[in-house]
Amino acid sequence: MSILRETPIRKTVIRGNRPVNFDTFEHVIVTDEYYKTNGESVIIVKDVSDCTIELDSSTTDRVKIKTLTNCTLVPDLNRIDEDWDEISVGRGACVELQNIRGVWYILSSDGVKLD
């Protein structure tokens, strides 16, 4: 099984001046080489050599990502922290990102790596 999910929750994200409602999962464990966010609060990446996660601003406004593998984070629009087309997150690190007005900002990164 490549993506492990628990019971879905109903979530509302504000896009412009209108609320968008959708079903999502609070926590997801990803073991695929590619994953697109869908409103999760926490994503754990493991059991794959490398993973790319696309940050989808239409469904996700804030997410914490813990990687137990090497992971590349790419935004669907604009750049991360207004500077980066993508960021590489090393094995064992954790990063929290927030989408504000179409730009993904790194709010927190522990910088701890297992290698």
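One structure accompanies this document, and this report is about it. What you see is a predicted model, and the numbers here were worked out from it, not measured in a lab.

Basis of the calculations
- Residues numbered from 1 in each chain as written.
- Predicted model: local features only at pLDDT ≥ 70, side-chain atom pairs only at ≥ 80, totals over all residues.
- Heavy atoms only, no water.
- Helix = DSSP H or I, 4+ residues; strand = E, 2+ residues; numbered from the N terminus.
- Buried < 20%, exposed > 50% of the residue type's maximum accessible area, 1.4 Å probe, protein only.
- Contact = heavy atoms within 4.5 Å.
- Areas by Shrake-Rupley, 256 points an atom, 1.4 Å probe, with all protein chains shown as cover.
- Polar contact = N/O pair within 3.5 Å; in protein donor to acceptor, adjacent residues only side chain to side chain.

## Comments concerning the overall build of the chain
For the chain, the helix and strand inventory stands at zero helices and 12 strands. Out of the 115 residues in the chain, the part that is buried amounts to 40%. If you take every contact in the chain between residues at least 6 apart in sequence, the share linking residues at least 24 apart comes to 29%. Surface summary for the chain: the accessible area is close to 6,500 Å², and the carbon and sulfur share equals 47%.

## Some thoughts on the side chain of Thr-69
Along the chain, Thr-69 turns up in the loop between β8 (62-67) and β9 (70-75). Of the residues examined, Thr-69 reaches a relative accessible area of 5% and is grouped as buried. A distance of 2.4 Å separates a polar side-chain atom of Thr-69 from the backbone oxygen of Val-48. A polar atom in the side chain of Thr-69 sits 2.8 Å from the backbone oxygen of Ser-49. For Thr-69, the residues in contact, after removing those within four places along its chain, are Val-45, Lys-46, Val-48, Ser-49, Asp-50, Val-89, Gly-90 and Arg-91.

As far as function goes, none of this settles anything; it's purely spatial.
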